[in-house]
Amino acid sequence: MIAGLLADRIERDGSVPGEEPAGAGPGNSASAKVLRVVDGDTIEVELRGRTEDVRYIGIDTPESVKPGTPVQCFGKEASDYNARLVDGATVRLVFDRELRDRYGRLLAYVYASGDLVNAQLVAAGYARTLEIEPNTAEADRFAKLERRASSTGRGLWGSC
């Protein structure tokens, strides 16, 4: 089974699990083309010839595509807003201390047109903060934005 999964991964994008794309590392950044918006906090990008799933660091949006989970309140709106910010764009991925999550997704702060998308999602009320050590470089900033969005009833704070 594992050999089959490895063959599928190699067939699909030419990479070998555990092999990192050039430039991906703590404190580094890389430019990537957004191929698809998966949901409010995950995108698929082309990064140096490889297809990678990227999970936004420090935030969590309501579920909209998780298998076996109903669409959560404001999930579709969060996904749509994320698409408006990044779909088809070339973005800058900035990495923190831990490069991948347990699902193999790259973890990054995502910048589009110079703006931190993770922060935009929280500020507009489409995301909650999700602080997971050791990737906490922007945690204080996100917490302040979440308090402001919550206190003013923005987005999910006024709807869910």
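Sequence order as written defines residue numbering, which begins from 1 separately in each chain. Residue-level local features of this predicted model are given only where pLDDT is at least 70; pairs of side-chain atoms are given and counted only at 80 or more, and the full residue set underlies all totals for whole chains, interfaces and linings. Side-chain figures throughout are based on the complete set of non-hydrogen atoms in the structure, without hydrogens or water.

### A few points about the packing of aromatic side chains
Each aromatic ring pair is described using two quantities: the centre-to-centre distance and the angle formed by the ring planes. Only the six-membered ring of Trp is used, alongside the rings of Phe and Tyr, when aromatic pairs are assigned; centres must lie within 6.5 Å, and planes under 30 degrees apart are stacked while those over 60 apart are edge-to-face, with the rest tilted. Following the criterion strictly, the structure yields three aromatic pairs and no others. Site record: aromatic cluster; members linked through ring pairs are Phe74, Tyr81 and Tyr126. To sit over a ring, a charge needs its Lys NZ or Arg CZ within 6 Å of the ring centre and within 35 degrees of the ring normal. Across from the ring centre of Tyr111, 4.5 Å away, lies the NZ or CZ of Arg92, which sits over that ring. Positioned above the aromatic ring of Trp157 is the side chain of Arg128, whose terminal nitrogen or guanidinium carbon lies 5.0 Å from the ring centre.

### Brief notes about the state of the cysteines
The criterion for a disulfide is a pair of cysteine sulfur atoms lying within 2.5 Å. Per the stated rule, a full pass over the model turns up one disulfide. The disulfide that involves Cys73 links it to Cys160, with 2.1 Å between the sulfurs. Because the torsion about its S-S bond is -90°, the bridge between Cys73 and Cys160 counts as left-handed. Linking Cys73 in the loop between strand 4 (59-60) and helix 2 (75-86) with Cys160 in the segment after helix 5 (156-159), this pair joins segments that are 87 residues apart in sequence. Segments assigned H or I by DSSP are reported as helices when at least four residues long, segments assigned E as strands when at least two residues long, and all are numbered from the N terminus.

### Quick look at the layout of surface pockets
If you roll a probe as big as a water molecule over the atoms, it shows you where there is empty space left. Definitions used throughout: a 1 Å grid over protein atoms alone; a cavity as a set of points that fits a 1.4 Å probe which cannot get out; a pocket as an open set with protein on both sides within 12 Å along at least five of seven lines; a lining residue as one with an atom within 4 Å of a point. Grid points are joined across faces, edges and corners, and a volume is the space filled by probe spheres set on the points. Here the largest pocket is characterised by a volume of approximately 640 Å³. Taken together, 24 residues line the largest pocket, and the ones lying closest to its centre are Arg55, Asp101, Tyr103, Arg105 and Leu130. Only Asp, Glu, Lys and Arg are considered charged in this grouping, and only Ala, Val, Leu, Ile, Met, Phe, Trp, Tyr, Cys and Pro are considered nonpolar; every other residue, Gly among them, is considered polar. Of the residues belonging to the lining of the largest pocket, the class tally is ten nonpolar, four polar and ten charged.

### A short note on a positive patch on the surface
On the surface, Lys144, Arg147, Arg148 and Arg154 cluster together into a positively charged patch. Relative to the elements of secondary structure, Arg148 occurs in helix 4 (residues 139-151). Within this analysis, patches are made of residues with over 30% relative accessible area and no salt bridge. Like charges are joined at 9 Å or less; nonpolar side chains (Val, Leu, Ile, Met, Phe, Trp, Tyr) at 5 Å or less. Per-residue accessibility takes into account occlusion by the displayed protein chains alone, with areas from the Shrake-Rupley method and a 1.4 Å probe. Here, a salt bridge means any Lys or Arg side-chain nitrogen found within 4 Å of an Asp or Glu carboxyl oxygen. A residue counts as positive if it is Lys or Arg and as negative if it is Asp or Glu; His and the chain ends are not included. To locate a charge, the coordinates of NZ of Lys, CZ of Arg, CG of Asp or CD of Glu are taken.

### Digging into the confidence of the model for the protein
Taken over all residues, the pLDDT of the protein has a mean of 87, while the share at 70 or more is 84%. Within the model, pLDDT remains below 50 along residues 1-18, and this stretch shows twelve contacts once partners closer than five positions in the same chain are excluded. The predictor rates its confidence in each residue with pLDDT, a number between 0 and 100. The criterion used for residue contact is that any of the two residues' heavy atoms lie within 4.5 Å.

### Re the nonpolar core
Note on soluble globular proteins: their nonpolar side chains tend to be buried together. Nonpolar cores are built from buried Ala, Val, Leu, Ile, Met, Phe, Trp, Tyr and Cys residues. Side-chain atoms within 4.5 Å join them into one set. Burial status follows relative accessibility: with a 1.4 Å probe on protein chains alone, a residue under 20% of its type maximum counts as buried, one over 50% as exposed, and anything between as partly exposed. If you look at the biggest cluster of nonpolar residues, it comprises 37 residues, and the most contacted ones within it are Ile43, Val86 and Leu93. Put simply, the parts of the chain that give this core at least two residues each are strand 1 (29-37), strand 2 (42-47), strand 3 (50-56), helix 2, strand 5 (90-94), strand 6 (106-112), helix 3 (117-123) and helix 4. Filtering out sequence-adjacent residues up to four positions away, Ile43 remains in contact with Val34, Arg36, Val37, Val38, Glu52, Asp53, Val54, Tyr56, Asn82, Val86 and Val110.

### Brief notes about the pairing of strand 3
Of all seven residues in strand 3, five are buried; the element is thus mostly enclosed. The criterion for strand pairing is that DSSP finds at least two bridges linking the strands in question. Relative to strand 3, strand 2 runs antiparallel, the two being bridged by six bridges. Within strand 3, the residue paired with Glu44 across the bridge is Asp53. Once strand 2 ends, the chain turns through two residues before running back antiparallel as strand 3, passing Arg48 with a positive phi of about 50°.

### Considerations on the pattern of salt bridges
Under the counting rule described, the total for this entry stands at eight salt bridges. Put simply, Lys76 and Asp80 hold a salt bridge, and the shortest N to O gap is 3.1 Å. Taken as a pair, Lys76 and Asp80 lie in helix 2 at a separation of four residues, close to a single helical turn. Since its relative accessible area comes to 32%, Asp80 is described here as partly exposed.

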